[in-house]
Amino acid sequence: MISPRQLCRSFLLLLIFAVAPRTSDSKLVASLPGFHGRLPFNLHTGYVEVDEGTELFYYFVESDTRAEEAPFLLWLTGGDRCSVFSGLANEIGPVRFVEEPYNGSLPRLQINPSSWTQVAHILFVDSPVGAGFSFSTKPEGYQVGDGETPMPENSYVPFIAHIISQGIQAGNTPALNLKGYLVGNPSTGEIIDISSRVPYAHGVGIISDQLYETILEHCKGLDYMLPSNAPCAQALDTFNHLMSQVQGAQILLDTYVYASAPTGPAADTKDEYSSDSGRRILVGNPLARPPFGCVTTIRWCLTWGRRRG
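Computed from a predicted structure; not experimentally measured.

A. Region of interest: the overall build of the protein chain. Helix and strand counts for the protein chain stand at seven helices and 11 strands. Across the protein chain, the fraction of contacts at a sequence separation of at least 24, relative to all contacts at a separation of at least 6, is 58%. Approximately 17,900 Å² of the protein chain is accessible, and the part contributed by carbon and sulfur atoms is 53%.

Spelled out as structure tokens, the structure:
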């Protein structure tokens, strides 16, 4: 099992290696599948050992300014061991997928004109082990925690910032000029996160005034995860059913998710079936072509990662 402090030390090693990538076991990448021609930016990739037989994979993109004094950013992707490639190709990185109907071929990449690498060096890390290309040769290498309690992935960034701050106060070298940290769509505590969904859902019209008022009346002061009276429990069951019909991250999108094969309900079609929660699930290998309006970048990442050349 990897302790949080051990993981943090590994990130600090990556930070040091990234500043001088030629001194680490890194590779300068000149081209990417789906991108026409040579890359017009410096991309380094490589591994750093966290523990014996356990290694983290990283992408390091030098700033377009090529200036040593350019800010340095460590980027980690949240979720359940999600690859940081989504951040590189879908969010702040120097490339992004060409937005076009998917035809079954290798998805194309293009330059991202809004890349944060225009002003900063960025280190993207597949973390924790099991995300992206990070791996372990031992089963226990995929566990992150203190030996008893697993460390939630949404805790990494504040924890790393805290450890760096402690090092600065202790006068550790090399000194890191920490300016701050950002978290996107973070978990801030179950009680806060769960209870705040009710006024939000009411405000955007997902639930009715009547259901909203019923929850406020019967669930006041209660843990929404463990309602202690029947009216509250019934109202929250209705609320949770309605929330299952929308995307948690983007309420305007269809609730499509991907699966290798239908393991529960019978397939409605060979490419799609409906789960108990009402979500429409795309299945098959290769994956079924998503309909217009689905989050196609998810499929682009999956397909790009499986193809070569």
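B. Molecular detail of helix α5 (residues 209–218). Listing the buried residues of α5 in full gives L211, Y212 and I215. On an axial view of α5, the arc spanned by its buried residues comes to 100 degrees, and they lie on one face. Structural note: α5 exposes Q210, E213 and E217 on the side pointing more than 90 degrees away from its buried face.

C. The arrangement of the state of the cysteines in detail. One pass over the full model with this rule turns up one disulfide. Disulfide pairing places C219 opposite C232 at an S-S distance of 2.0 Å. On the sign convention where negative is left-handed, the bridge of C219 and C232, at about 120 degrees about the S-S bond, is right-handed. In this pair, C219 sits in the loop between α5 and α6 (230–243) while C232 sits in helix α6, placing the two residues 13 residues apart along the sequence.

What counts and what doesn't
Residues numbered from 1 in each chain as written. Predicted model: local features only at pLDDT ≥ 70, side-chain atom pairs only at ≥ 80, totals over all residues. Heavy atoms only, no water. Helix = DSSP H or I, 4+ residues; strand = E, 2+ residues; numbered from the N terminus. Contact = heavy atoms within 4.5 Å. Areas by Shrake-Rupley, 256 points an atom, 1.4 Å probe, with all protein chains shown as cover. Buried < 20%, exposed > 50% of the residue type's maximum accessible area, 1.4 Å probe, protein only. Arc of directions from axis to C-beta. Disulfide = S-S within 2.5 Å.

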